[in-house]
Amino acid sequence: LTSLSIHGGPDTVIESFGANKLVEGLALNFTLTELNYKTLNLIPPDIDVKIQKLLRRNSNKKTNEFLETLRSDQKIPWNRSRLMFVGQGCAGKSATVRSLLGQTFNPNWDSTVGAMVSDGEISTSPTWGAVSDVKIDHASTFAARIMNQEATRRRMKDVITSEVRENGSKILSYAKNMKRRISRNRDSRNRARKILVDIEDEGNDESRVENSRPQFYENEIVREYDERLIVNAGADSMNLSLWDFGGQTVFYSMHHIFLTKTGVYILAFDMREFMSSQTKAVKYLSFWLNSIKLHAPAAPVVVVGTFLSDIDNVKDIRFINVELDEVIKTITAQVVTNEGEDLIIFPIDNKTGEGVDALRMKIEQVVRADPVVDQEVSMKWILLLDEILSKRKSSSYLLLKDVQRIAKDVEISTHKEFELALSLLHDRGMLIHLTATEILKNIVIINPQWLIDSLTKVIRDDILHRFNEGEFARVGLKEDLKRLFEYGLASRDILEYVWDQEQVDFLLDLMERTLLLSKWKFKEELLYLIPSLIKGNFEGSLVGIRCVFDFSQSFLPFGVFQRLICLLVGRISIHKDKDKAYRPREPQIYKHFASVEFQPRNVLQISEDVNERQISVYIKNTDLAASCFEIVQSMLQKLNFDVMGTGLRWETLLENPASGELFSYESAKQQSVIPWFRNSDIGTIKPISASNVSLEQFLDQIVL
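What counts as what
Here the residue numbering is sequential within each chain, running from 1 through the sequence in written order. Local features in this predicted model are restricted to residues of pLDDT 70 or higher, and side-chain atom pairs are both shown and tallied only at a pLDDT of 80 or more, whereas totals for entire chains, interfaces and linings draw on every residue. Note that water and hydrogens are dropped before the side-chain values are worked out from all heavy atoms of the structure. Numbering of helices and strands starts at the N terminus; helices are DSSP runs of H or I of at least 4 residues and strands are runs of E of at least 2. Burial status follows relative accessibility: with a 1.4 Å probe on protein chains alone, a residue under 20% of its type maximum counts as buried, one over 50% as exposed, and anything between as partly exposed. For this analysis, residues touch if any pair of their heavy atoms sits within 4.5 Å. In this description, accessible areas are obtained by the Shrake-Rupley approach with a 1.4 Å probe, and a residue is regarded as covered only by the protein chains that are shown. Whenever a carboxyl oxygen of Asp or Glu lies within 4 Å of a side-chain nitrogen of Lys or Arg, that contact is scored as a salt bridge. Fitted lines through C-alpha atoms give the axes, limited to the stretch in contact for helices. The angle between two N-to-C directions lies from 0 to 180 degrees. Any angle that falls under 35 degrees is termed roughly parallel, while one over 145 is termed roughly antiparallel, one within 65 to 115 roughly perpendicular, and all others oblique. Residues are grouped as follows: Ala, Val, Leu, Ile, Met, Phe, Trp, Tyr, Cys and Pro are nonpolar; Asp, Glu, Lys and Arg are charged; all remaining types, including Gly, are polar. We define a polar contact as two N or O atoms separated by no more than 3.5 Å, with the added condition that, inside protein, one atom must be a possible hydrogen donor and the other a possible acceptor, whereas residues neighbouring each other in sequence contribute only through side-chain atom pairs. One requirement defines pairing of two strands: DSSP has to find at least two bridges between them.

Engineer: How would you summarise the overall build of the chain if you had to cite specific residues and measurements?
Structural biologist: The secondary structure content of the chain amounts to 24 helices and 23 strands. Considering the chain as a whole, with its 704 residues, one finds that 50% of them fall into the buried category. In the chain, once contacts between residues fewer than 6 apart in sequence are set aside, the share between residues at least 24 apart is 75%. In the structure as shown, the chain presents an accessible area of about 34400 Å², 49% of it carried by carbon and sulfur atoms.

Take a look at the structure:
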């Protein structure tokens, strides 16, 4: 109990005896900080002074306990999770996020470019609240939760002790029991009188709040505690990081950077489209279910059908449910069921709000059941987070050395603990810290939205999210813009312009390490190839002996083929730098095809069949077939390890040139199918290490 109001009528009087008993009771209470009795008459002034002193004593005690908790290294579950909203473009993902956060429906909301990150909070309210960056203070809430937990433990201990005493007293005689009660009452009165004497002796020198506290905490934190902090920071409070991913195909290649193994996935689809074009809708849903399975095989998935008010009847909902049930069973068992309606989907309408409350309750239930949410976090780590996020007002990123300095200020003393804290904050979506190279490691992105916005200034749908061509013409970049979206080739000038010359080297390095681009050294000036922007289709013939990487029994995500092209082009660029006499032909790159002179007079043709889920490699020089196969397979392994979370699975098929028949790798090896295997060659090709090596080291191993 922290607040108490005593009410009475106009004639209600507390006489001296009652007022003194109130003071004695308050002297033994150390939780009450607010006592409202102003409607009562005739409280003697001297008694009122004592009451106010005791209330201030309690308040100061709580404040000091609060500050001590802030300085401590205590741990409790952080209660933070990450929600990832995925699905086809214009399926209502952004509207669903707004509905869950209690925001009004906006029919004119623009489609999401790349992704949109927001924060939410679950407390005692039935709706979630959007969290603003205006006031960054996770540590105060965290400390208050620790205090609440400690108070609960003390109360439980008192209850247990009381029960033990009560049960023990039953075996005592009535006289002995009464004697003990009288003794305890006498002791309590004596304690109360001693406390009051101490209060009198203090005079005006009241108990003060301890001044020594972390330098980054101001008085406003104490004031927040006084007003609402302890009440609001219940054990059930939960913080959410909501990631709304754009559904346009061009963004899929960059989504792999941000999709995580933990959290809850919300897969949204338009039920109207399902009814009018079922095959297309099932294709998109299958794609996303497979994507989630690839990146987060154990994460729960909530499937949400939008535009409920446009569906004619319950039978249509049941039809959609039955059809999707068959699709889901073949892909994942992690889909959350809608027990209330006996469905595997959650039908909602963001315009009317129908179904949103049930969806919100189910997501909250799933989040609370996630064991990751119960991971205990140190108070120091939350102080580190607050200090980092407070810098968002002036910057979207920090240098690693500055974050290390902040960690030292909050007494994170070891490098191991610092790395663990930074890794957790990265996993929970509070910041982004990539470690593949020194350039990447040196930057800590404290505003993930900045990175998303930076990437989508390059990787974007040039029709749906079109640039102002006149603006680029005025700065002399008209041809650069045309080349970017026709051929997927970016100049340094256009990248510096769209990125406002901010952290250009960092962003280039990040895109190269995540295989979103590669250096293009086939022109007089250095360009950068971004395969996901290429639209043209190849219409020529395919020549050479085939090896096929077959993903038909698993999943071939968008971006795998494009990243394979980046690795091939990147290796040629490195070879050109080492051998100045090497003059390969400029590769021909299309949306699902590439022709690359990978070795002198040896052209590789790489083709992607989206429908069959296969990547085929045609090798013109059969003498080099075995080594080319090993190189391409190692590149697939590299991008699988670095970008796809090792979730890709494929079967390798090799062509018998005599018959044109495709053999499995194992069968071809057993039969020594030429040119892939010769008895003298088996085991002589040096394997290429793809895991736990940098991109440069990997590409440098490949001998052309």
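The rest of the description comes next.
Engineer: Kindly report on the pattern of salt bridges, identifying the contributing residues and their values.
Structural biologist: Tallying each qualifying case throughout the model produces 20 salt bridges. The salt bridge partner of aspartate 505 is arginine 492, with a shortest N-O separation of 3.1 Å. Of this pair, aspartate 505 sits in helix α20 (residues 504–513) while arginine 492 sits in helix α19 (residues 492–498), and the two are 13 residues apart along the sequence. One salt bridge connects aspartate 509 with arginine 513, and the closest N-O pair in it is separated by 2.8 Å. With aspartate 509 and arginine 513 both in helix α20 and four residues apart, this pair spans about one turn of that helix. In this pair, the class of aspartate 509 matches that of arginine 513, namely buried. Three or more residues joined by partner-sharing salt bridges are found here, namely Asp270, Arg272 and Asp310.

Engineer: Lay out the packing of helix α16 (residues 448–456) against α20 with the relevant residues and their values.
Structural biologist: Contact geometry of α16 with α20 gives a least axis separation of 11 Å together with a crossing angle of 80°. As judged from the angle between their axes, α16 and α20 are roughly perpendicular. Together, Trp450, Leu451, Ser454 and Leu455 of α16 and Phe506, Leu507, Leu510 and Met511 of α20 make up the contact between the two elements. Considering only residue class, the contact of α16 with α20 consists of seven nonpolar, one polar and no charged.

Engineer: Before we move on, can you summarise the side chain of aspartate 244 with the specific residues and values?
Structural biologist: Looking at the element boundaries, aspartate 244 is found in strand β7 (residues 238–245). Of note is the side chain of aspartate 244, whose polar atom sits 2.4 Å from the side chain of serine 94. Those residues in contact with aspartate 244, other than ones at most four positions away along the chain, are Phe85, Lys93, Ser94, Val97, Thr112, Gly114, Ala115 and Met116.

Engineer: Account for unusual backbone geometry, with residues named and values stated.
Structural biologist: Residues isoleucine 674 and proline 675 are joined by a peptide bond in cis, for which omega reads 10°. Considering the arrangement of structural elements, one finds proline 675 in the loop between α23 (665–670) and α24 (695–701). Positive phi, normally seen in glycine, also occurs at arginine 613, with a value near 55°. For threonine 646, which is not a glycine, the phi torsion comes out positive at approximately 65°. Here threonine 646 is to be found in the loop between α22 (625–642) and β22 (651–655). We classify threonine 646 as partly exposed; its relative accessible area is 38%.

Engineer: Please give an account of the sheet that holds strand β17 (residues 545–550) that cites residues and values.
Structural biologist: Here we have seven strands laid out as an open sheet, ordered β18-β19-β20-β21-β17-β22-β23, and antiparallel in their pairing. Of all strands in the sheet, those with a lone pairing partner are β18 (588–589) and β23 (662–664), marking the two edges. Bridge count for β17 against strand β21 (residues 614–619) is six bridges, and the pairing is antiparallel. Bridged to phenylalanine 549 within β21 is isoleucine 615. Its contacts with the sheet place helix α21 (residues 560–578) against β18, β19 (593–599), β20 (602–609) and β21, and it is angled at close to 25° to β19. Each of β17, β19, β20, β21 and β22 touches α22; the most contacted strand, β17, lies at about 20° to it.

Engineer: An account of the sheet that holds strand β14 (residues 489–491) is requested, with residue identities and associated values reported.
Structural biologist: Strand order across the open sheet formed by three strands is β14-β16-β15, with antiparallel pairing between neighbours. The open sheet has two edge strands, β14 and β15 (518–520), and neither has a second partner. The mean angle between the axes of side-by-side strands here comes to 40°, regardless of whether they run parallel or antiparallel. Two strands pair when backbone bridges link them, and β15 and strand β16 (residues 527–529) are joined in this way by three bridges, in the antiparallel orientation. Considered in β16, the bridge of tryptophan 520 is made with leucine 527. Packed on one face of the sheet, helix α18 (residues 478–487) meets β14 and β16 and runs near 155° to β14.

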